[in-house]
Amino acid sequence: MNILANITVDKAITHFVPRNIDNTQPIMDERLTELDEIAKRTLIQRMTAVLGGGSDGIEMQIIANDETSIAAEVCKTMNDYENVDTFITSSKHFARSLHTAQNHRYIKDGVLLCLQGRTGETQVKYVAVIKAEPHDGFTKIDNKVSLIQDIFLSPSQKLYKIGFWVDQSTTEIVTPNDLKLYIYDHNMNSKGDNITRFFAESFLQCKPLETSAELTKQFFRITSDFIEKNQRFSTEEKYETTNALKVYLKEDQCQSISVEHFASRYFENAEIKDEYTSLMRERAFPETSIVKETSKIKKELTVKKYKFSSGVKIQSPVSTTEKLIDILSYDEEDRTTTVKIKGRLES
């Protein structure tokens, strides 16, 4: 399911949020930011690119739901949806919370765009916060039209960090337990650092889903089985693609994984890609990215095994940097396989 399907933008407001050092304070706006239809469409396209199906957006677990939490503030504006003043008050709460979390000199000043609207086939309520980091000379909000164009709509400007809460309640009153939270952070696919943690843990008060290890295990198992049983792959291609899967999950610089990303990267054949993505949908595997957690499959990711029809077996470490074993050819006449192994025989 694409969480941004049929999304609308009903309210928007911007605040300037500096780092929380040297007695700085957020510069709050008191009125809504007016967006024309072109601006709304462009903003929706940019959000969909990083949060929609097959993107790097990740579902997170909310870890604070008391009355002072940011989730409780989200619920306030959802429950008083038509009240503009409530939305503006909540947006100021978000800005102050972000300012509190930005207590490190390496964190950049930014502009916080707060949005409210409806999304999905059933048009459920959502609240979104987007932090963008403008050029160093930017100090305050002077011209809102110019601000939106230059910072949030320009293709050259990244939507650096996004929090997106969706109402999943079955009653009229929304509580923190009814919320689903998705985030995007441009640091997600690099090594973890304090900048990513400040946004997720300190500001949005969330952490990776506790099921991340199980989902990563499911991803590995289903994908491995698909490769092994797919008759479009030759025996050599099965080995190579399975090894690519292990490398994909072992890469330190990649902290999230997704069906769409893996398929686009490793399945050149369009029919194989379609079969794979269809299978993952049938298995109800998330279409959004998930946090990579390999604790349940560590042993399977460290060794690559080769099994021959004669009963001979070879195994080698999974290498992300070099090819340790190369299957060169198979001779049908004498039923032998030529293998090239890096290194010399020791025992």
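Residues numbered from 1 in each chain as written. Predicted model: local features only at pLDDT ≥ 70, side-chain atom pairs only at ≥ 80, totals over all residues. Heavy atoms only, no water.

1. So, the overall build of the chain
Note the following rule: Only DSSP runs of H or I with at least four residues qualify as helices, and only runs of E with at least two residues qualify as strands; both kinds are numbered from the N terminus onward. Think of it in three bands: with a 1.4 Å probe and only protein chains considered, a residue is buried below 20% of the maximum accessible area for its type, exposed above 50%, and partly exposed in between. Note on contacts: a residue pair qualifies if any of its non-hydrogen atoms lie within 4.5 Å across the two residues.
Counting secondary structure elements, the chain contains 10 helices and 13 strands. For the chain, the residues scored as buried account for 48% of the 347 residues in total. Considering only residue pairs separated by 6 or more positions, the chain has 68% of its internal contacts joining residues 24 or more positions apart.

2. Some thoughts on the packing of aromatic side chains
Selection rule: Paired rings are identified among Phe, Tyr and Trp, the last through its six-membered ring, by centres lying within 6.5 Å, and are further divided according to the angle between planes into stacked (under 30 degrees), edge-to-face (over 60) and tilted (the rest).
Going through the model one piece at a time under the given rule, you end up with 16 aromatic pairs. Ring geometry for phenylalanine 219 and tyrosine 248: centres 6.2 Å apart, planes at 35°, overall tilted. On the criterion of sequence distance, the pair formed by phenylalanine 219 in helix α6 (residues 212-229) and tyrosine 248 in helix α7 (residues 235-250) is long-range, its members being 29 residues apart. We classify phenylalanine 219 as buried; its relative accessible area is 0%.

3. A word on helix α3 (residues 84-101)
Every α-helix carries 3.6 residues per turn, so stepping three or four residues along brings you back to the same face. Just so we agree on the cut-off: In a helix, the anticipated span is given by 1.5 Å times the number of residues less one. N or O atoms closer than or at 3.5 Å make up a polar contact, with two conditions inside protein: a donor-capable atom paired with an acceptor-capable one, and, for residues adjacent in sequence, both atoms drawn from side chains.
Over its 18 residues, α3 extends 26 Å from the first C-alpha to the last, a length consistent with the 26 Å expected when each residue adds 1.5 Å. The buried count for α3 comes to 13 of 18 residues, which makes it a mostly enclosed element. Sitting at the amino-terminal end of α3 is asparagine 83, which places a side-chain oxygen 2.9 Å from the backbone nitrogen of aspartate 85.

4. Quick word on the nonpolar core
For the record, the criterion: By convention a nonpolar core is built from buried Ala, Val, Leu, Ile, Met, Phe, Trp, Tyr and Cys residues, the set being connected through side-chain atoms within 4.5 Å.
In this structure, Phe94, Leu112, Val129, Trp165, Leu179, Phe203 and Leu204 are the most contacted members of the largest nonpolar core, which totals 33 residues. Those elements that provide at least two residues to this core are β1 (11-17), β2 (58-62), α2 (70-79), α3, β3 (110-119), β4 (124-132), β6 (179-185) and α5 (194-203). Looking at this core, the element that brings in the most residues is α3, giving six residues. Not counting the four nearest positions on each side in its chain, valine 129 is found in contact with Phe94, Leu112, Leu113, Cys114, Lys161, Ile162, Gly163, Trp165, Phe203 and Leu204. With 23 residues, the next largest nonpolar core counts Leu249, Phe267, Ile290 and Ile297 among its residues.

5. Side note on the sheet that holds β4
Put simply, the rule reads: For two strands to count as paired, DSSP must find a minimum of two bridges between them. In this analysis an axis means a line fitted to C-alpha atoms, helices contributing only their contacting stretch, and an angle means the value between N-to-C directions, from 0 to 180 degrees.
If you walk across this open sheet you meet the seven strands as β1-β3-β4-β5-β6-β2-β7, and the pairing is antiparallel. Of all strands in the sheet, those bounded by a partner on one side alone are β1 and β7 (206-208). Pairwise comparison of adjacent strand axes, ignoring direction, gives a mean angle of 30° for this sheet. Note: strand β5 (residues 161-167) against β6, seven bridges, orientation antiparallel. Of the residues in β6, the one forming a bridge with phenylalanine 164 is tyrosine 182.

6. A closer look at the pattern of salt bridges
Quick note on the threshold: By definition, a salt bridge exists where a carboxyl oxygen of Asp or Glu is found within 4 Å of a side-chain nitrogen of Lys or Arg.
This structure, assessed with the given rule, holds 13 salt bridges. Close ionic contact of glutamate 59 with lysine 180 constitutes a salt bridge, the shortest N to O distance being 4.0 Å. Linking glutamate 59 in strand β2 with lysine 180 in strand β6, this pair joins segments that are 121 residues apart in sequence. Of the residues examined, glutamate 59 reaches a relative accessible area of 21% and is grouped as partly exposed. Between lysine 273 and glutamate 260 there is a salt bridge, with its nearest N and O atoms 3.3 Å apart. Residue lysine 273 is found in helix α9 (residues 270-282), and its partner glutamate 260 is found in helix α8 (residues 259-266); the two are separated by 13 residues along the sequence. Connected via shared salt-bridge partners are Arg232, Glu271 and Glu275.

7. Some thoughts on α6
Between the first and last C-alpha of α6 there are 26 Å, a value that for 18 residues agrees with the 26 Å anticipated at 1.5 Å per step. Buried within α6 are the following residues: Ser212, Ala213, Leu215, Thr216, Phe219, Phe220, Ile222, Thr223, Ser224, Phe226 and Ile227.

8. Some details on the pairing of strand β12 (residues 325-331)
As paired elements, β12 and strand β13 (residues 336-341) share six bridges and run antiparallel to each other. Looking at β13, one finds that isoleucine 327 is bridged to valine 339. What sits between the antiparallel neighbours β12 and β13 is a turn of four residues, in which arginine 335 has the positive phi angle 55°.

9. Quick look at the layout of surface pockets
Threshold: With a 1 Å grid spanning the protein atoms alone, the term cavity applies to any set of points in which a 1.4 Å probe fits but cannot get out, the term pocket to an open set with protein on both sides within 12 Å along at least five of seven lines, and the term lining residue to any residue with an atom within 4 Å of a point. Grid points are joined across faces, edges and corners, and a volume is the space filled by probe spheres set on the points. By the convention adopted, Pro, Cys, Tyr, Trp, Phe, Met, Ile, Leu, Val and Ala count as nonpolar, Lys, Arg, Asp and Glu as charged, and the other residues, Gly among them, as polar.
In this model, the largest pocket occupies a volume close to 570 Å³. Listing elements by their share of the lining of the largest pocket, those giving two or more residues are α6, α7, α10 (298-302), β10 (303-307) and β11 (313-317). In the lining of the largest pocket, the residues fall into five nonpolar, four polar and 10 charged.

10. Details of the packing of α6 against α7
Quick reminder of the rule: What sets the label is the angle itself: under 35 degrees gives roughly parallel, over 145 gives roughly antiparallel, 65 to 115 gives roughly perpendicular, and the rest give oblique. Should the near helix be turned counterclockwise from the far one by less than a right angle, the crossing is left-handed, whereas a clockwise turn marks it as right-handed.
α7 packs onto α6 with a crossing angle of 170° between their chain directions and a minimal axis gap of 9 Å. As the angle between them shows, α6 and α7 are arranged roughly antiparallel. Seen along the crossing, α6 lies across α7 with a hand that is right-handed. Between α6, through Thr216, Phe219, Phe220, Thr223, Ser224, Ile227 and Glu228, and α7, the contact on the second element is made entirely by Lys238, Thr241, Thr242, Leu245, Lys246, Tyr248 and Leu249. Grouping the amino acids of the contact of α6 with α7 by side-chain chemistry returns six nonpolar, five polar and three charged.

11. Some remarks on the side chain of aspartate 185
Along the polypeptide, aspartate 185 turns up in strand β6. Of note is the side chain of aspartate 185, whose polar atom sits 3.1 Å from the side chain of lysine 161.

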